[in-house]
Amino acid sequence: MVLIERMRAILEKLLEVFTVFLLLALTCIVLVAVTFRTFGNSLIWYDEIASIGLAWLSFYGANLAAIKRAHMGFPGLVSNAPGPLRIGLFVFSEVIVIGFFAIIAYYGYQVFEILAWDNLVSLPSINLTFTQSVIPISAALFILCELLSLPIAWQKMRSGVDSEHEAIEEAIRIAEEDLKGAQS
Amino acid sequence: MILVIVIVALFALVLINVPIAVAIGVVGVVGVYINMGPEHLLNVPLTLFNGATNFPLIAIPLFIFAGALMNTSGISKRLINLVTSMVGFVRGGLAMVNVGVSMFFAEISGSAVADVAATGSILIPEMKRKKYNPEFSAAITSSSASLAVIIPPSLSMILYGAIAEVSIVQLFVAGIIPGILGGFGLACFCYYYAVKYDLPREAAFSLSRLGKAFKDATWALLLPVIILGGIFGGFVTATEGAGIAVLAALVIGGLVYRELNFKMLYRAVTDGVIQTSVVMLLVATSAVLGLFLTEMQLPQQLAQQITMLTDNPIAVLALINILLLLLGMFLHGAAAIILVTPIVMPLVIQIGVDPIHFGLILTLNLAIGQQTPPVASVLATACSIARTDMWKTTRVNLPMIGVLFIVLLLVTYVPIIPLYLVNLFY
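Analysis parameters
- Numbering of residues starts from 1 in each chain and follows the order in which that chain's sequence is written.
- Numbering of ligands from 1 and lettering of chains from A proceed in the order in which they are written.
- Selection of residues for local features in this predicted model requires a pLDDT of at least 70, selection of side-chain atom pairs for listing and counting requires 80 or more, and totals for whole chains, interfaces and linings are taken over all residues.
- Side-chain numbers come from the whole structure's heavy atoms, not from hydrogens or water.
- To qualify as a helix, a DSSP run of H or I must reach at least 4 residues; to qualify as a strand, a run of E must reach at least 2; elements of each kind are numbered from the N terminus.
- Radius of gyration: over C-alpha atoms. The globule rule applied is 2.2 Å multiplied by the number of residues raised to the 0.38 power.
- The cut-offs for exposure are 20% and 50% of the maximum accessible area for each residue type, with area from a 1.4 Å probe on protein chains only; residues under the lower value are buried, those over the upper are exposed, and the others partly exposed.
- Surface accessibility follows the Shrake-Rupley procedure with a 1.4 Å probe radius. Residue values consider only the protein chains on display as shielding.
- Residues counted as positive are Lys and Arg, residues counted as negative are Asp and Glu, and His and the chain ends are not counted.
- Positions of charges follow a simple convention, taking NZ of Lys, CZ of Arg, CG of Asp or CD of Glu.
- Contacts are assigned to residue pairs with any non-hydrogen atoms lying within 4.5 Å of each other.
- Buried area, as used here, totals the accessible surface that two parts lose on assembly, with accessibility defined by a 1.4 Å probe and the loss added over both.
- Should a side-chain nitrogen of Lys or Arg be within 4 Å of a carboxyl oxygen of Asp or Glu, the pair is scored as a salt bridge.
- Two N or O atoms count as a polar contact when they lie within 3.5 Å, although within protein this holds only if one can serve as hydrogen donor and the other as acceptor, and sequence-adjacent residues are included solely when both atoms are side-chain atoms.
- When the sulfur atoms of two cysteines come within 2.5 Å, that pair is taken as a disulfide.
- Helix span is expected to be 1.5 Å times the residue number reduced by one.
- The arc in question is traced by the directions running from the helix axis to the C-beta atoms.
- pLDDT measures the predictor's confidence residue by residue and takes values from 0 up to 100.
- Buried residues of nine kinds, namely Ala, Val, Leu, Ile, Met, Phe, Trp, Tyr and Cys, make up a nonpolar core once their side-chain atoms join them within 4.5 Å.
- Where helices are involved, their axes are fitted lines through C-alpha atoms of the stretch in contact, as for all axes, and angles between N-to-C directions lie from 0 to 180°.
- To sort the angles, those under 35 degrees are grouped as roughly parallel, those over 145 as roughly antiparallel, those from 65 to 115 as roughly perpendicular, and the leftovers as oblique.
- Residues were grouped as follows: Ala, Val, Leu, Ile, Met, Phe, Trp, Tyr, Cys and Pro as nonpolar; Asp, Glu, Lys and Arg as charged; and all remaining residues, including Gly, as polar.
- Centres within 6.5 Å are what make two rings of Phe, Tyr or Trp a pair, Trp counting through its six-membered ring; a difference in plane orientation under 30 degrees is then read as stacked, over 60 as edge-to-face, and the rest as tilted.
- Geometrically, a charge over a ring is one whose NZ (Lys) or CZ (Arg) sits within 6 Å of the ring centre while staying within 35 degrees of the ring normal.

A. Local environment of the overall build of chain B. Helices and strands together make up the secondary structure of chain B, namely 21 helices and zero strands. Over its C-alpha trace chain B gives a radius of gyration of 22 Å, about what one expects of a compact globule, namely 22 Å for 426 residues. Along the three orthogonal principal directions, the C-alpha set of chain B runs to about 70 × 45 × 45 Å. Sorting the 426 residues of chain B into buried and exposed places 60% on the buried side. Surface accessibility of chain B: about 16000 Å² in total, with carbon and sulfur atoms responsible for 69%. Charge-centre separation for chain B: the mean point of 18 positive side chains lies 21 Å from the mean point of 16 negative side chains.

Below, the structure is given as structure tokens:
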């Protein structure tokens, strides 16, 4: 259990650093593009690369949200259900999530054969398999994130914790902490 | 019939706590598999990827980043002080400060919950200390935060604009008059409430204090001027405006005020990344559902069936309003926008409603829906800070929901209100 928790913490940190890097890169791309356009020299690759950057940020960020169990849901009904039903629904919903991303990972990999002959329009030196690699990789990572965060989610489910209520309490705790920090 | 099955399947999955984005994707994949055949499943990853490469949506993470910079570098604090010195002298002024601040800051980090937690943690305890009713304190924070979805830069509008393929800048402009009307309505209610319950003034009006607050906030005020001036003036797009907002916030917070707290900034940015990704995964998986719905021509069929009942725009808009208000009670705003927009758009166009006008109707409806339990995370956060019961607070909140509802009716049936500035400038 300690090993799983350590792996979860490491993966969470790696995803955090990588996604923050992607956000900074995306910001720089937009600012560089605005500067070039202002001086009448638009970058032809701007739209395509920035859009791909957004997709990468979205899918790897979705992994980060998965490991923190922060995806939008409706936990109220399950957390108020009687014990055995709660366990059954929890397991069923986990199976659906993992099954969905297994399908995405499989077909995301299969599609590489088709994309192997295609390159980006604005930067022909970049193959589409590289840009599209985010789909199977992030789908596989999503499954890993889901599994690594499973023990904590299981414990919370067993004790009937409503994840939405917990997120609200956490947001308030952080805000109050920031407030104290700003006042001191 | 297929649409009913899709809706039932979706709700069943959401109710058993499958993340909404995954629930949408699962229904989409099953729909593609059953109706189009297994060979079409190869389109799913491509559609998923294309769904997330929606260029205008780049504005979302950038505005969130700018919001994080503003909150962690003293910019927000100065703007709050300025609002306090401007309206704090009025009876019930603290409630009005709450309206102004909540409207300005709500959704700035991409998470309405985090923003209400941030502003509410400052203002609600202060309101309670000044003998404001705790339920009223929670209700006014929550209602004014919800109104912020139509005040630029609004993440909900960026989302709608990208999905409906309409100008985000024009949506921002369309939100100005309804936003001011809503804010004015809420402020009027605060005044009425303050007089009725003899609530205190903050302090007597002081020109010197206002001058000091204004001077202190001069650089902070430049930020909305640069961003909104650039966007509305047509110099930059919404996405570029968001990029410039990041740069301006970095320069003002980091170099002018020198109060940038990197630890807080890192946490705010990672939270922002999560908020962006949660919404973007919804956008991506809804593209998969859209693949199936479009193949089945379900939105067109729905439009045809409703217009067979009535093609009177007033009646159709009333129907849509009821549907959206109900949906807003059970779904988060972003999820509802992503799901509803592609389905009702053909109907909206068929009855001759301007998509910009409809964007305002949609976002306002969902804002009101966020005030009504069971799914009312903004209200729940405000209640949690004020330590009040959500149902009791909802009762106190009813007049404020009424104000939002009047704005909704005005926006729906007097199109010139949202469209006046749009027609004037574009």
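B. Just the overall build of chain A, in detail. Across its full length, chain A holds nine helices and zero strands. Along chain A, helices and strands appear, N-terminal first, in the series α-α-α-α-α-α-α-α-α. By its C-alpha atoms, chain A is 60 × 55 × 30 Å across when sized along the principal axes. For chain A, buried positions account for 47% of its 184 residues. Taking as baseline every contact in chain A between residues at least 6 positions apart, the subset at least 24 positions apart corresponds to 78%. Of the charged side chains in chain A, 11 are positive and 17 negative; the average position of the first set lies 8 Å away from that of the second.

C. The interface of chain A and chain B, seen in detail. Listed by partner, the interface residues are 67 residues for chain A and 67 residues for chain B. Among the residues of chain A in contact with chain B, Met72(A), Phe74(A) and Phe100(A) are the three that bury the most area, contributing 14% of the side total. Along the contact surface separating chain A from chain B lie one salt bridge. For Glu240(B), the salt bridge goes to Arg37(A), with nearest N and O atoms at 2.4 Å. The tally of links between chain A and chain B comes to five residue pairs in polar contact (both at pLDDT 80 or more). Of all the secondary-structure elements, those providing two or more residues to the side of chain A that touches chain B are helix H1 (2–38), helix H2 (46–67), helix H3 (76–79), helix H4 (83–110), helix H5 (112–115), helix H6 (128–132), helix H7 (134–148) and helix H9 (163–183) of chain A. Of all the elements, H2(A) adds the most residues to the side of chain A that touches chain B, at 14 residues.

D. Examining the state of the cysteines more closely. Tallied over the full model, the rule gives zero disulfides over all chains. Here Cys190(B) is not disulfide-linked; the sulfur of Cys188(B) is the nearest cysteine sulfur, at 9.1 Å.

E. Region of the structure containing helix H1 (residues 2–15) of chain B. If you check H1(B), its first and last C-alpha atoms are 20 Å apart, about what 14 residues at 1.5 Å a residue would give, namely 20 Å. Buried within H1(B) are the following residues: Leu3(B), Val6(B), Leu10(B), Leu13(B) and Val14(B). What you see down the axis of H1(B) is that its buried residues fit within an arc of 100°, all on one side. The inward-facing, buried residues of H1(B) contact H4 of chain A together with helix H2 (20–36), helix H14 (262–296), helix H15 (298–309) and helix H17 (333–350) of chain B.

F. Geometry of the confidence of the model for chain A. With 96% of its residues at a pLDDT of 70 or more, chain A has an overall mean of 90. Averaged pLDDT values for the elements of chain A fall to 73 in H9(A) and rise to 97 in H7(A).

G. Focus on the pattern of salt bridges. Enumeration according to the criterion identifies 13 salt bridges over all chains in this entry. Taking the shortest distance from any N to any O, the salt bridge between Glu146(A) and Arg69(A) comes out at 3.3 Å. Of this pair, Glu146(A) sits in helix H7 while Arg69(A) sits in the loop between H2 and H3, placing them 77 residues apart in sequence. The class for Glu146(A) is buried, based on a relative accessible area of 5%. Where Arg129(B) meets Glu126(B), a salt bridge forms, and the shortest distance between an N and an O atom there is 2.8 Å. Here Arg129(B) and its partner Glu126(B) are both found in helix H7 (residues 112–129), three residues apart, which amounts to about one turn of the helix. Judged by its relative accessible area of 56%, Arg129(B) is exposed. On the basis of relative accessibility, which here comes to 24%, the residue Glu126(B) falls in the partly exposed class. Each of the salt bridges in this network shares a partner with another, and the network as a whole consists of Glu5(A), Arg8(A), Glu12(A), Lys13(A), Glu16(A) and Lys68(A).

H. Molecular detail of the nonpolar core. Ranked by internal contacts, the top residues of the largest apolar core, which has 198 residues, are Phe63(B), Phe136(B) and Phe358(B). Counting residues per element, this core draws most heavily on H14(B), at 16 residues. Beyond its immediate sequence surroundings of up to four residues, Phe358(B) is in contact with Tyr160(B), Ile320(B), Val344(B), Met345(B), Val348(B) and Val353(B). Of all hydrophobic cores here, the second largest spans 15 residues; its members include Ile168(A), Ala145(B), Ala380(B) and Ala386(B).

I. Representation of the packing of H1(A) against helix H4 (residues 59–71) of chain B within the structure. Orientation of H1(A) relative to H4(B), taken along the N-to-C sense of each, is 105°, at an axis distance of 10 Å. Between H1(A) and H4(B), the interaxial angle falls into the category roughly perpendicular. Note on element contacts: H4(B) touches H1(A) through Pro61(B), Leu62(B) and Phe65(B), opposite Leu23(A), Leu24(A), Leu26(A), Thr27(A) and Val30(A). Per-class residue counts for the contact of H1(A) with H4(B) are seven nonpolar, one polar and no charged.

J. Expanded view of the packing of aromatic side chains. Under the definition given, this model contains 17 aromatic pairs over all chains. Each ring, one from Phe90(A) and one from Trp154(A), has its centre 5.8 Å from the other, and the planes form 65°; the classification is edge-to-face. Of the two residues, Phe90(A) is situated in helix H4 and Trp154(A) in helix H8 (residues 150–158); the sequence distance between them amounts to 64 residues. Look at Phe189(B) and Tyr193(B): their rings are 6.0 Å apart centre to centre, the planes differ by 45°, and that puts the pair in the tilted class. You can see Phe189(B) and its partner Tyr193(B) sitting in helix H10 (residues 168–196), four residues apart, about one turn around the helix. Comparing Phe189(B) with Tyr193(B) shows no difference in burial state: the two are buried. Taking NZ or CZ as reference, Arg78(B) lies 3.6 Å from the ring centre of Tyr257(B), over its face.

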